[in-house]
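# Residue-level structure breakdown
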Amino acid sequence: MRATYESAADLAEALRRAEAAHGRYEEQLGHPDPDWPTWYAQYMLQEQSNTT
């Protein structure tokens, strides 16, 4: 799977969406997720492929 962003602003918005979604995930999890970079990466790839 590949992800591309048109600009730094687009990438920043994608990171903000991932942050919001990850916050909801951590609430469900009940504790901080120490592997958040992997979670963000997977979320952002799935978002680009429309599978989130």
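Refer to the preceding data block for the structure.
The present account deals with the structure reproduced in this document. (Residues numbered from 1 in each chain as written. Predicted model: local features only at pLDDT ≥ 70, side-chain atom pairs only at ≥ 80, totals over all residues. Heavy atoms only, no water.)

### Brief notes about the packing of aromatic side chains
Heads up, the rule is: By convention, a stacked pair of Phe, Tyr or Trp rings (six-membered ring in the case of Trp) has centres within 6.5 Å and planes under 30 degrees apart, an edge-to-face pair has planes over 60 apart, and any other such pair is tilted.
All chains considered together, the criterion is met by four aromatic pairs. Each residue in the set Tyr-25, Trp-36, Trp-39, Tyr-40 and Tyr-43 is aromatic and connected to the rest through ring pairs, giving one cluster.

### Description of helix α2 (residues 36–48)
The test is simple: Per the convention used, a helix needs a DSSP run of H or I reaching at least four residues, while a strand needs a run of E reaching at least two, with both numbered from the N terminus. A helix is expected to span 1.5 Å for every residue after the first. Note on exposure labels: buried denotes an accessible area under 20% of the residue type's maximum, exposed denotes more than 50%, and partly exposed covers the range between, all computed with a 1.4 Å probe on protein chains only. Note that the arc is defined by the directions from the helix axis to the C-beta atoms. Note on contacts: a residue pair qualifies if any of its non-hydrogen atoms lie within 4.5 Å across the two residues.
Compared with an ideal rise of 1.5 Å per residue, which puts 13 residues at 18 Å, α2 spans 18 Å between its outermost C-alpha atoms and is within 8% of the ideal. The complete set of buried residues in α2 reads Tyr-40, Tyr-43, Met-44 and Glu-47. Considered in projection along α2, the buried side chains sweep an arc of 95° and stay on one side of the axis. On its buried face, α2 is in contact with α1 (8–29). Just downstream of α2, Asn-50 is the residue with a positive phi angle, here 60°.

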